[in-house]
Structures are given as C-alpha cells and as structure tokens.
Amino acid sequence: MSPDMIAELAAKAASNEDPTEVTQGGDYEYTPPPAGKTIGRLVEYIEIGKQPQKPYQGKPKPDAEEVWIGFELLHPKKNIREIEIEGEGKKTVADFIRVRLTKKLGEKAKFKKLFNKLQYGRADKKHIAQMLGEAFILEVFHSKSEEGKKTYVNLDKDGEYGIQAPFIIDPLTEERKDINVPAHIRPLRIFLWDFPNTETWDSLFIDGTREVKKDDGSVEHVSRNWLQERILSARNYAGSSLHHMLE
C-alpha cells in the first residue's frame, strides 16, 4: 500500500471525525514481549464496525463501533529476532501488540486517552490514522489471569497509556534528543469503515486454515481469515459502504 494512499485515507478520516474535539504472525510459539520501556511504531489502524459488547455488572451494553490499533515493538535487543518458518526459511520478526477499543471521544475514554498520547500536543494531527508509521517510546505492562496461568500484555495500566513522543529533553540544556527507532517490518495497514477500497480490504485477507481440536477429540479446520470475517460480522454491515463495494 503506497504512502500516498495511506495519507489520502488518513486525511479523509481526519476530515470525517476529529478526536481533538471532546464529545464524551506466523506458526511459532508465542512469547510475550518483556515488560518495561521499549520503542516501536504505529503500524495498524483498522475499523471493524459495530460489534457486540460484553455485559457490564450483569447489564447488557449496546453495540459499539470498534477499532484495532497495532504497534510493532522494535527494540533491537528486546523485540526483534529471527525465526524459522516451515517452507519459508528464516524470517525477521518483531513483537506486536494490538489494542482493541471502542471509538468513544470522552476525556475518560481509552480511545481518547490513546489519541492524546500519540498526538503529544501536535495540532496538525487530527486522527490516529494520520500517525501510521510514526515512532514512539512505549511501555509494556504485564498482568496475570485469575488462575495465574496466562500472561496478558497491555500498553496501559489502569487505563493510562505509557506512550511518549520519540525524543527526550535534556533537563540541563533543554535540548531535544531524538530516539533512533528502526523502520517497521510489518506492512502498514489501514481500513476505514466509511472509506473502504479494494486495496485496503484485500490487505486484511489471511489465506489458509488452521486445525482446532474440539472437546470430543475431533479436529476442525477453521479459516485463518478471522480479520475480514470479524468485519463482515459487524452489526452495521448491511447497507454499509463496504457492503456496497463487495456486493
């Protein structure tokens, strides 16, 4: 996907909605990225339409617009490594974290808080999509499941994001020192619900199937194309711009 297309779509997104205004990989064993400070780039902004929400305190919640925002972690010693892919040989990969959020713009909403961190005061940035490819200082947080067996990886703790601009200010000289962040390894991906096109849609496709063992011991072959399928299952898909484009 060309930088010009990304810039054009990001500009459309920024003109369509303005978060500055407040309204209210591969078949290998996954190892969570280490907790603590690192560096990375924003590489994905994918809108997936209205999705059902989990009940809150036993009460149902209405469907809500969701967006997935992906960060590639690029610290050369902590996050980047070579792996062996069957049939492909050695491949350089980096840790990746995807944040799933509802598109709410209240000051206390996580989507708004994330936007503020990524914007870091730059008035010309009106939409997260305009920051695709940009570098940031990130902080990775770990939490455990109730039984303590699973490790969850997050970019926020108690709703506050550990994200900073990719530079530091010397407290003595007040000079700015830019942080060297490697180029992204994953391709940049953008999908806008109101402005779909065939190239951004096709970039989300995942080929093939995977085996899933069922409780009775049998094996079921399930499509790997979960990302497009999730978007197609959106409650507001019927009659949407994407629906018209595909049908």
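Residues numbered from 1 in each chain as written. Predicted model: local features only at pLDDT ≥ 70, side-chain atom pairs only at ≥ 80, totals over all residues. Heavy atoms only, no water.

**Focus on the confidence of the model for the chain**
Next up, step 1: Across the chain, the average pLDDT comes to 89, with 93% of residues at 70 or higher.
Next up, step 2: Note that pLDDT drops below 50 for residues 20-28; the model gives that stretch 22 contacts with residues more than four away or on any other chain. (pLDDT = per-residue confidence, 0-100. Contact = heavy atoms within 4.5 Å.)

**Examining the environment of Ile168**
Next up, step 1: Relative to the helices and strands, Ile168 is located in strand E11 (residues 167-169).
Next up, step 2: Its relative accessible area of 40% is what places Ile168 among the partly exposed residues.
Next up, step 3: In this structure, the C-alpha to C-alpha distance between Ile168 and Ile137, residues 31 residues apart in sequence, is 9.7 Å.
Next up, step 4: In this structure, Ile168 is in contact with Ile137, Glu175, Arg176, Lys177 and Ile179, ignoring residues within four places of it in sequence. (Helix = DSSP H or I, 4+ residues; strand = E, 2+ residues; numbered from the N terminus. Buried < 20%, exposed > 50% of the residue type's maximum accessible area, 1.4 Å probe, protein only.)

**Focus: helix H2 (residues 110-119)**
Next up, step 1: Residues of H2 that are buried: Phe111, Lys112, Leu114, Phe115, Leu118 and Gln119. Angular distribution of buried residues about the axis of H2 spans 160 degrees; they occupy a single face of the element.
Next up, step 2: Tucked into the core, H2 has its buried residues touching strand E1 (36-51), strand E2 (64-73), strand E5 (96-102), strand E6 (135-144), strand E9 (160-161) and strand E10 (163-164).
Next up, step 3: Where H2 ends, the next residue or the one after it, Tyr120, has phi of about 30 degrees, a positive value. (Arc of directions from axis to C-beta.)

**Details of the pattern of salt bridges**
Two side chains carrying opposite charge are able to pair once their charged atoms lie near each other.
Next up, step 1: According to the stated counting rule, one finds eleven salt bridges in the structure shown.
Next up, step 2: We note a salt bridge from Lys103 to Glu47, for which the minimum N-O separation is 2.9 Å. Residue Lys103 is found in the loop between E5 and H2, and its partner Glu47 is found in strand E1; the two are separated by 56 residues along the sequence.
Next up, step 3: According to the relative accessible area criterion, Lys103 is partly exposed, its value standing at 23%.
Next up, step 4: Ionic pairing is found between Lys113 and Glu160, a salt bridge with its closest N-O pair at 2.8 Å. Of this pair, Lys113 sits in helix H2 while Glu160 is found in strand E9, placing the two residues 47 residues apart along the sequence.
Next up, step 5: Using a relative accessible area of 22% as the deciding quantity, one classes Lys113 as partly exposed.
Next up, step 6: Judged by relative accessible area, which is 43%, Glu160 ranks as partly exposed.
Next up, step 7: Several salt bridges share partner residues, and in doing so they unite Glu44, Arg98 and Arg189 into one network. (Salt bridge = Lys/Arg side-chain N within 4 Å of Asp/Glu carboxyl O.)

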